[in-house]
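For reference, the chains in residue letters:
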Number of protein chains: 2
Amino acid sequence: MSENKIPYKIYLSEDEMPKAWYNLRADMTNKPAPLLNPATLQPMTAQELEGVFCAELVKQELDDTTPFFEIPQEIRDFYKMYRPSPLVRAYCLEEKLQTPAKIYYKFEGNNTSGSHKLNSAIAQAYYAKHQGLKGVTTETGAGQWGTALSMACSYLGLDCKVYMVKCSYEQKPFRREVMRTYGASVTPSPSNTTAVGRKILERDPNTTGSLGCAISEAVEVAVGTPGYRYVLGSVLNQVLLHQSVIGLETKIAMDKYGVKPDVIIGCAGGGSNLGGLIAPFMGEKLRGEADYRFIAVEPASCPSLTRGKYAYDFCDTGAVCPLAKMYTLGSSFIPSANHAGGLRYHGMSTTLSQLYHDGYMEATSVEQTKVFEAAEVFARVEGILPAPESSHAIRVAIDEALKCKETGEEKTILFGLTGTGYFDLYAYQKFNDGQMSDYIPTDADIAAALEKLPKVE
Amino acid sequence: MSENKIPYKIYLSEDEMPKAWYNLRADMTNKPAPLLNPATLQPMTAQELEGVFCAELVKQELDDTTPFFEIPQEIRDFYKMYRPSPLVRAYCLEEKLQTPAKIYYKFEGNNTSGSHKLNSAIAQAYYAKHQGLKGVTTETGAGQWGTALSMACSYLGLDCKVYMVKCSYEQKPFRREVMRTYGASVTPSPSNTTAVGRKILERDPNTTGSLGCAISEAVEVAVGTPGYRYVLGSVLNQVLLHQSVIGLETKIAMDKYGVKPDVIIGCAGGGSNLGGLIAPFMGEKLRGEADYRFIAVEPASCPSLTRGKYAYDFCDTGAVCPLAKMYTLGSSFIPSANHAGGLRYHGMSTTLSQLYHDGYMEATSVEQTKVFEAAEVFARVEGILPAPESSHAIRVAIDEALKCKETGEEKTILFGLTGTGYFDLYAYQKFNDGQMSDYIPTDADIAAALEKLPKVE
């Protein structure tokens, strides 16, 4: 099909939607390192993990050889409520930038959770329901994951307890109301409702919280409440598996129009969006069938890939979770509160960490004022107010497109637009008022946090 | 095509999108009554209207015989940024209600303005731009129209001054930030920046404002500033014309699947959504080609069709605008501040008023706690947090579907889901906290406002 036939938005039909998730690990030669039991330093067994996670999700977590997992019909029906998501040709942005580059983005924000998080939330809630559980606990940072899980639980009739990073809870009271509308309970973290929360508050009563803290609290409650399990919105292999639906849909849509991306860009906090978006493309690269450039974009204030260490670390601040081998800033690292919203996690998906370590992927970090500048340009020409997280990818996509303008290269750039910024107006207000500042941790800040890494190997 | 083949969401391809707007008035035997000059009580001439509105829009406003107006290519390109909007088969809601009814909704909320308002905003901004204007002024109630216009103006490089109903301005500070992000200036109304605003404040310093007040201010500024015109987001014939894209897309999508609605339901404030949604269906009814039931849903706190009078009235509180013959509660009527968000306008589109008067359409009013109950049910099963305005239509669609459950009728119900409630969480919070109350104006309240109607005929 000729280039000029490509519509602004490419929607797949329901028949074309993926029927199985793709497990990227199956095609990796160097598999991601296993989770370790923090007491024994031995790989976590399925049995051990099942105290925290649903049994079926544990299977998915540990399986690094099966390439495809069928998506249960009930989940596929739920996906049809808000999927397929559009693959958008950014004609307006291209024109604004006067670039010869062709820019595409996969937009995951057209649902009430406002992001891609719903893709894994419904899967995790589904397996919890089918295990006969009463409810689940979780953490949320910017609130997107908590909202997504609330929606999924409400749909399936499960109870949902959310621990929300305190600075987000305060900056985003309306996120709490969305979760309440979907029947969830929301507690600011760290809180006095858990032993780990009380301990963290004792040490630092003024802490603005972190995903690591909130995870510790949610896990404690899940393990201590009969009929409950813990679910996590990013980082884990199972989450990347579910999020592969993003990349699979993208690839089907691009193949349909004979388009092949040269560069694939995604923001990276825990890695679920990026891992999902790149999955089928990275699979081709790993199998030697095609080559792509992949760029992970992280905030300069929380730069785990670009300035962290590839080492075993705790997934949470309270050190109650298993150890994961990943690029990490240390589980005691808490990014500055001036940093807007998500992408505040100290570590990174073990799968993405391994791929980055093996040179299959690049990473870069960007400062938030530059991110919001890109967000504003994008909002004005593409008509979507992007989430601050997604805007990290927009920033780098624009920069790559501007490089093409200089060199005259007609590269095809694909990026993940993970969500909308409707609940991030406090940050936009700061930006509009010229009061947004940048924060970059010093080498000493990072070294201090890394010093506390657990000793493994 | 067989019934079970209907997907959850029907998206038209770009080729299938309407290329012309449909002017419902062309098929009306009793045309809507003309606007009158408030000084002479004679029909407003094009020349008089051009002091307030763009010339091309005045043509559209006055033309009640041309059935189709071609949509300029630049507007069609802008539409492609967020249109076609999905026509959704509400399988999940049907299952929840256990109704034999088949429910469809046309969802207009998948854009940053959060509503259908963008359809007319881009058209009005386009004609202003092509007339060589510097900018436009407008009013906004819940903020959707102001946001839509900000987006359209930013896209075309026009200045945009928004007067925002004070109670919305206070309840929705984040709406203001979206408009600012798109480069608009936003003033709470009534304000001290205009003569009419000062007069209204003098009379009632504690007023929470109304659309009627905000219109008066915006018109005053437009008329008094060289290179500016005023634009309006609802009520006018031109706006219903632009909004016909909603109904046209819906009809194309339904025809494609051989589906014919029995009942068509829309919320009605000024009438732009309802008028747009029903346009091509009402056209068929007027031409005797098909029959449909149409239901306008208005809030019990601002019931212009169900409790107002069909008479000439001012479109604004300050009485600076032309007179329109419409169902009205009187331009001095200000709905209770406890009423959430939009649908606060004292009058109704002259076109819809005439159709209602002639018996082509029904109207009903609903109380807001019932509306939010319906909104919550809908959000939980359909995964979209609806705007309070749209939820008026949801309420009646659910009630109609429940009637079908009683009678066993397999009716096809279509309603307009005009937008999302992401900026209405203050109202949702009140509802979640059990603190939302209902307000119904007394007969004396309404009689008092109607007594001040201008004497015409």
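The shown structure was predicted, so the numbers you read here are calculated from the model rather than taken from an experiment. Along every chain, residues carry numbers that run from 1 in the direction the sequence is written. Chains and ligands are labelled sequentially in the order written, the chains with letters from A and the ligands with numbers from 1. This being a predicted model, a pLDDT of at least 70 is required before a residue's local features are given, and a value of 80 or more before pairs of side-chain atoms are given or counted; all residues contribute to the totals for chains, interfaces and linings. Side-chain measures here rest on the full set of heavy atoms in the structure, leaving out hydrogens and waters.

(A) Highlighting the pairing of strand β5 (residues 102-107) of chain B. Residue and element names in this part refer to chain B. We call a residue buried when its accessible area falls under 20% of the maximum for its residue type, exposed when it is over 50%, and partly exposed in between, using a 1.4 Å probe and counting protein chains only. Where helices and strands are cited, they refer to DSSP runs of H or I of at least four residues and of E of at least two residues respectively, numbered from the N terminus. Of all six residues in β5, six are buried, a share of seventy percent or more. Judged by which residues are buried, β5 turns out to be covered on both faces: Lys-102, Tyr-104 and Lys-106 on one side and Ile-103, Tyr-105 and Phe-107 on the other are all buried. One bridge is not enough; two strands pair if DSSP finds at least two bridges between them. Pairing of strand β4 (residues 87-89) with β5, which is carried by three bridges, proceeds in the antiparallel orientation. Residue Val-88 lies in a different strand from β5, and its bridge partner there is Tyr-105.

(B) Spatial organisation of helix α8 (residues 173-181) of chain B. Residues and elements named next belong to chain B. Counted residue by residue, α8 has seven buried out of nine residues, so it is predominantly covered. Turning to α8, its buried residues are Phe-174, Arg-175, Arg-176, Glu-177, Val-178, Met-179 and Thr-181. Where α8 ends, the next residue or the one after it, Gly-183, has phi of about 85°, a positive value.

(C) Spotlight on the nonpolar core. Residue types Ala, Val, Leu, Ile, Met, Phe, Trp, Tyr and Cys, when buried and joined through side-chain atoms within 4.5 Å, form a set referred to as a nonpolar core. Formed by 239 residues in total, the largest nonpolar core has its most connected members in Trp21(A), Ile265(A), Phe415(A), Trp21(B), Ile265(B) and Phe415(B). Beyond its immediate stretch of four places on either side in the chain, Ile265(A) contacts Leu274(A), Leu277(A), Ile295(A), Val297(A), Ala393(A), Val396(A), Ala397(A), Glu400(A), Ile413(A), Leu414(A), Phe415(A) and Gly416(A). Two residues form a contact once any of their heavy atoms are found within 4.5 Å.

(D) Region of the structure containing the environment of Thr351(A). Residue and element names in this part refer to chain A. By the secondary structure assignment, Thr-351 is in helix α14 (residues 350-357). Along the primary structure Thr-351 and Ala-55 are separated by 296 residues, whereas in three dimensions their C-alpha atoms are 21 Å apart. Setting aside anything within four residues of it in sequence, one finds Thr-351 in contact with Leu-24, Arg-25, Met-28, Pro-32, Asn-237 and Leu-240. Any pair of N or O atoms that falls within 3.5 Å is considered a polar contact. Within protein, one atom must be able to donate a hydrogen and the other to accept it, and sequence-neighbouring residues count only if both atoms are side-chain atoms. Of the polar contacts made by the side chain of Thr-351, one reaches the side chain of Asn-237; its length is 2.8 Å.

(E) Structural detail: the domain arrangement of chain A. Residues and elements named next belong to chain A. If you check the domain split of chain A, you get domain 1 (3-17 + 72-114 + 237-450) and domain 2 (47-54 + 117-230). The domain limits used here are those given by an automatic or database domain assignment. Using only C-alpha atoms to locate each centre, domain 1 and domain 2 end up separated by 23 Å. Counting residues at the interface gives 40 residues for domain 1, matched by 39 residues for domain 2. When the two sides are added together, the surface that domain 1 and domain 2 hide from each other amounts to roughly 3300 Å², 63% of it contributed by carbon and sulfur. Here's the idea: put two parts together, see how much 1.4 Å probe accessible area each one loses, and the total over both is what we call buried area. The largest share of the area that domain 1 buries against domain 2 comes from Phe-78, Ser-113 and Phe-423, three residues that together contribute 21% of it. For this document, the term salt bridge refers to a Lys or Arg side-chain nitrogen within 4 Å of an Asp or Glu carboxyl oxygen. Our count for the domain 1 to domain 2 interface comes out at one salt bridge. In this structure, the salt-bridge partner of Lys-172 is Asp-424, at a minimum N-O distance of 2.5 Å. Scanning the region where domain 1 abuts domain 2 turns up nine residue pairs in polar contact (both at pLDDT 80 or more). Of all the secondary structure elements, the ones that give two or more residues to the side of domain 1 that touches domain 2 are α3 (73-82) and α11 (237-256). When residue character is reported, Ala, Val, Leu, Ile, Met, Phe, Trp, Tyr, Cys and Pro are called nonpolar, Asp, Glu, Lys and Arg charged, and the others, Gly included, polar. Along the lines of polarity and charge, the residues of the side of domain 1 that touches domain 2 split into 20 nonpolar, 13 polar and seven charged.

(F) Quick look at the interface of chain B and chain A. The interface of chain B with chain A comprises 42 residues on the first partner and 42 residues on the second. Where chain B abuts chain A, roughly 4000 Å² becomes buried across the two surfaces, and 56% of that area is made up of carbon and sulfur atoms. Area buried by chain B at its contact with chain A is led by Phe174(B), Thr181(B) and Tyr422(B), which between them contribute 17% of it. A salt bridge links Asp433(A) to Arg180(B); the nearest nitrogen and oxygen atoms lie 2.8 Å apart. Our count for the contact surface shared by chain B and chain A stands at 25 residue pairs in polar contact (both at pLDDT 80 or more). Of all the secondary structure elements, the ones that give two or more residues to the side of chain B that touches chain A are α3 (73-82), α6 (144-156), α8, α15 (368-382) and α17 (425-432) of chain B. Ranked by residue count, the leading element in the side of chain B that touches chain A is α8(B), at six residues.

(G) Local environment of the relation of the copies chain B and chain A. The atoms used to superpose the copies are C-alpha atoms, taken from residues with pLDDT of at least 70 in both, and the fit is least squares. Each copy of the sequence occupies a distinct position, and chain B is placed on chain A by a rotation of 180° and an axial shift of 0.0 Å, giving an RMSD of 0.0 Å. A rotation of that kind, with that shift, is consistent with a two-fold axis. Taken together, the interface assignments show that 100% of the residues at the interface of chain B recur at the interface of chain A, consistent with an identical surface on both copies.

(H) The arrangement of the packing of aromatic side chains in detail. Within 6.5 Å between ring centres, the rings of Phe, Tyr and Trp (the latter by its six-membered ring) count as paired, and their orientation is classed by plane angle as stacked under 30 degrees, edge-to-face over 60, tilted in between. Going through the model one piece at a time under the given rule, you end up with 37 aromatic pairs over all chains. Judged by centre distance (6.2 Å) and plane angle (85°), the ring pair of Tyr79(B) and Tyr82(B) falls under edge-to-face. Of this pair, Tyr79(B) and Tyr82(B) both sit in helix α3, three residues apart, roughly one helical turn. Accessibility classification places Tyr79(B) together with Tyr82(B) in one group, the buried group. Among the aromatic residues, ring-to-ring pairing joins Phe78(A), Tyr79(A), Tyr82(A) and Tyr155(A) into one connected group. For a Lys NZ or an Arg CZ to count as sitting over a ring, it must be within 6 Å of the ring centre and within 35 degrees of the ring normal. Of note, Lys260(A) hangs over the ring of Tyr292(A), and the distance from its end group to the ring centre comes to 4.5 Å.

(I) Representation of the side chain of Ser349(A). All names here are of chain A. Along the chain, Ser-349 turns up in the loop between β13 (323-328) and α14. Only 3.0 Å separates the side chain of Ser-349 from the backbone nitrogen of Leu-352, close enough to count as a polar contact. Residues within four places of Ser-349 in sequence aside, it is in contact with Val-235, Leu-240, Gly-270 and Gly-271.

(J) Main features of the side chain of Gln124(A). Along the chain, Gln124(A) falls in helix α5 (residues 118-130). Looking at Gln124(A), its side chain comes within polar contact range of the main-chain oxygen of Leu232(A), at 2.8 Å.

(K) Structural context of the state of the cysteines. By disulfide we mean two sulfur atoms from cysteines, separated by a distance within 2.5 Å. Applying the stated criterion across every chain, the model contains zero disulfides over all chains. Cys267(A) takes part in no disulfide bond, and the closest cysteine sulfur to it belongs to Cys302(A), at a distance of 13 Å. Take Cys267(A): its relative accessible area is 5%, and that puts it in the buried class. With no disulfide of its own, Cys153(B) lies 4.2 Å from the sulfur of Cys160(B), the closest cysteine sulfur. Using a relative accessible area of 1% as the deciding quantity, one classes Cys153(B) as buried.

(L) Focus on the sheet that holds β4(B). All names here are of chain B. The strand order β1-β4-β5-β15-β10-β11-β14 describes an open sheet built from seven strands, whose pairing is mixed. Every other strand in the sheet has two partners, leaving β1 (9-10) and β14 (362-366) as the edge strands with one partner each. As paired elements, strand β11 (residues 293-299) and β14 share five bridges and run parallel to each other. Directly across from Val-297, in β14, lies its bridge partner Thr-364. For helices, the axis comes from a line fit to the C-alpha atoms of the stretch in contact; other axes are also lines fit to C-alpha atoms, and the angle between any two N-to-C directions lies between 0 and 180 degrees. Along the sheet face, helix α11 (residues 237-256) touches β1, β4, β5 and β15 (412-417) and points at about 140° away from the line of β5. Sheet strands in contact with helix α16 (residues 388-407) are β5, β10 (263-267), β11, β14 and β15, and its direction is about 170° off that of β15.

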